Amino acid sequence: MSARAGDESGGALVDGRGCLTPAGFAALSRAPVGRAPDTLAAHVAACPRCQERMLAGGAARAARAPTRKPRLWLGLALAFGALLLALVALVLATRLH
Ligand SMILES: [Zn+2]
């Protein structure tokens, strides 16, 4: 194992073949959306083997989990707002009659 120092994180993010190591996957999943290291993201986008490993390892799920929470809250808030609007419309409709 030749541990090449990574460009950005200081660890060995890729192995001798240029494929991501577990540390590389961790760095990708930890990075915020759009801020992942370019070299890693570009390699995964072009390498089917790394894509399969990422899906099998659940790294993709781990990366998506934090981004789903705000969406869930947004969905709940939107649903609540729609419910309130419906109630107000109902009250207004009954008053107009
Ligand atoms: Zn690869």
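Quantities reported herein were computed from a predicted structural model and do not represent experimental measurements.

A word on the overall build of the chain
Okay, step 1: Of the regular secondary structure elements, the chain holds four helices and zero strands.
Okay, step 2: In the chain, buried positions account for 10% of the 97 residues.
Okay, step 3: Residue pairs at least 24 apart in sequence account for 34% of intrachain contacts in the chain once pairs closer than 6 positions are excluded.

A closer look at the nonpolar core
Okay, step 1: Ranked by size, the top nonpolar core spans eight residues in total: L13, L20, F25, L28, L40, V44, C50 and M54.
Okay, step 2: Mapped onto this core, the elements with two or more residues apiece are helix 1 (22–30), helix 2 (38–46) and helix 3 (48–57).

Some thoughts on the environment of A26
Okay, step 1: Along the chain, A26 turns up in helix 1.
Okay, step 2: Given 17 C-beta atoms within 10 Å, A26 falls into the partly exposed group.
Okay, step 3: A26 sits 28 residues away from M54 along the chain, and the two C-alpha atoms are 9.8 Å apart.

Considering the confidence of the model for the chain
Okay, step 1: Mean pLDDT over the chain stands at 79; residues scoring 70 or higher make up 74%.
Okay, step 2: Ranking the elements of the chain by mean pLDDT puts helix 4 (residues 59–96) last, at 80, and helix 2 first, at 89.
Okay, step 3: Confidence drops under pLDDT 50 across residues 2–9; counting only partners more than four residues distant or on other chains, this segment forms ten contacts.

What about the packing of helix 1 against helix 2?
Okay, step 1: Contact pair helix 1 / helix 2: the axes reach a minimum separation of 10 Å and the direction vectors enclose 105°. Considering the angle they form, helix 1 stands roughly perpendicular to helix 2. Residues G24, A27 and L28 of helix 1 form the contact with helix 2, whose participating residues are L40, A41 and V44.
Okay, step 2: Taken together, the residues of the contact of helix 1 with helix 2 sort by class into five nonpolar, one polar and no charged.

Rules used throughout
Residues numbered from 1 in each chain as written. Predicted model: local features only at pLDDT ≥ 70, side-chain atom pairs only at ≥ 80, totals over all residues. Helix = DSSP H or I, 4+ residues; strand = E, 2+ residues; numbered from the N terminus. Buried ≥ 20, exposed ≤ 12 C-beta atoms within 10 Å, placed from the backbone. Contact = placed C-beta atoms within 7 Å. Core = buried A, V, L, I, M, F, W, Y, C linked by C-beta atoms within 7 Å. pLDDT = per-residue confidence, 0-100. Axes fitted to C-alpha atoms, helices over the stretch in contact; angles between N-to-C directions. Parallel < 35°, antiparallel > 145°, perpendicular 65-115°, else oblique. Nonpolar A, V, L, I, M, F, W, Y, C, P; charged D, E, K, R; others polar.

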